[in-house]
Amino acid sequence: MQSKYKIRLLRANLLAAAVALALWTPATPPAAALALWLSVSWLFITALLLDFSHRRSRGLPWQVVSGGLLMCLIAAAPERHGILIWAWAAMLMLPQTSWVAAFNLCAALISAVMVAPQLDAPALMLLLCSLLVLAVLALSRAQQLIDVNGSIRQRLRLIPGLNLWAGEQLLRDIPREQTRCEREGVHAEVFILHIKRHQLWPTAQKLCELTYDFENVYRLNSTTLVTLIFSRSQTEAAQRRNLLLSELPSNTMSEHLELINIEPAALTVFEMSKLPSERERETV
């Protein structure tokens, strides 16, 4: 599974970059050596701790850290590290939020100003024009990756190996499961769970373990999970709901709705997560 997400390749690239910077440290000024060793440490630690995860950090984006280190490297010794200014093109090619891209663009401009005294006027103009063209191409490529990743997240599993899917997949599964239930005479219910934000991923994993392999779990938002429960009758479905709730956190709130009563044509993920309050609600 790791090779699928190119974790090993990315780890190897980070380690190679760390070694390259470490080999650059001999005979460097103290300030430049400090910036180099900070960068080497960050690359090395990141490579060791790197792993694929469905969790996305809500803290400082890592592109800001790497961008800040790159700018420090150039600022510490612009006459020696000026060639690193071309690394900004690769930095801007990474998928990142708008404010992070703006930060990196400003940092790239500051880096060009610091390198400017080392160049004559024609060379500086060529540098700025080339850097501008590369920045535009890099940002265009980054936007393409953001769009691709967004579409992938809507159709692939959120956790490799578990039946946890994005909410958009539920909208595609409902019509197919309704047809199958009518054909086979199976009772099916949409079981909606409302939980605390910090309990989402542990509860999702637990719910995947408690349900059958053919019963998918869906994440509607940061506080709502949904699963489709298949059973022989309404009585059996109620027993299964109670059994599932007994294994989940005690503050879990739930709602259920017969699958056959849902109109998929007019349904959205937001509407599914905001069912009317008059629907039956159960708590443990």
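Refer to the preceding data block for the structure.
Anyway, here's the lowdown on the structure attached to this text. (Residues numbered from 1 in each chain as written. Predicted model: local features only at pLDDT ≥ 70, side-chain atom pairs only at ≥ 80, totals over all residues. Heavy atoms only, no water.)

**Remarks on the pairing of strand 2 (residues 187–194)**
Among the eight residues in strand 2, eight count as buried, and that is most of the element. Burial along strand 2 is two-sided: His187, Glu189, Phe191 and Leu193 facing one way and Ala188, Val190, Ile192 and His194 facing the other are all buried. As paired strands, strand 2 and strand 4 (residues 224–231) are joined by eight bridges and run antiparallel to one another. For Leu193, the partnering residue across the bridge sits in strand 4 and is Leu225. Two elements, strand 2 and strand 5 (residues 253–258), share six bridges in a ladder whose sense is antiparallel. When the sheet's bridge partners are listed, Phe191 is paired in strand 5 with His256. (Buried < 20%, exposed > 50% of the residue type's maximum accessible area, 1.4 Å probe, protein only. Helix = DSSP H or I, 4+ residues; strand = E, 2+ residues; numbered from the N terminus. Pairing = 2+ DSSP bridges.)

**As for the packing of aromatic side chains**
One pass over the structure, following the stated rule, counts two aromatic pairs. With centroids separated by 6.2 Å and ring planes inclined at 50°, the aromatic side chains of Phe214 and Phe230 adopt a geometry described as tilted. Of this pair, Phe214 sits in the loop between helix 9 (200–210) and strand 3 (217–221) while Phe230 sits in strand 4; the two residues are 16 residues apart in sequence, bridging distant segments of the chain. Assessed through its relative accessible area of 8%, Phe230 is described here as buried. In this structure an aromatic cluster arises from ring pairing among Tyr212, Phe214 and Phe230. (Phe/Tyr/Trp six-rings, centres within 6.5 Å; stacked < 30°, edge-to-face > 60°.)

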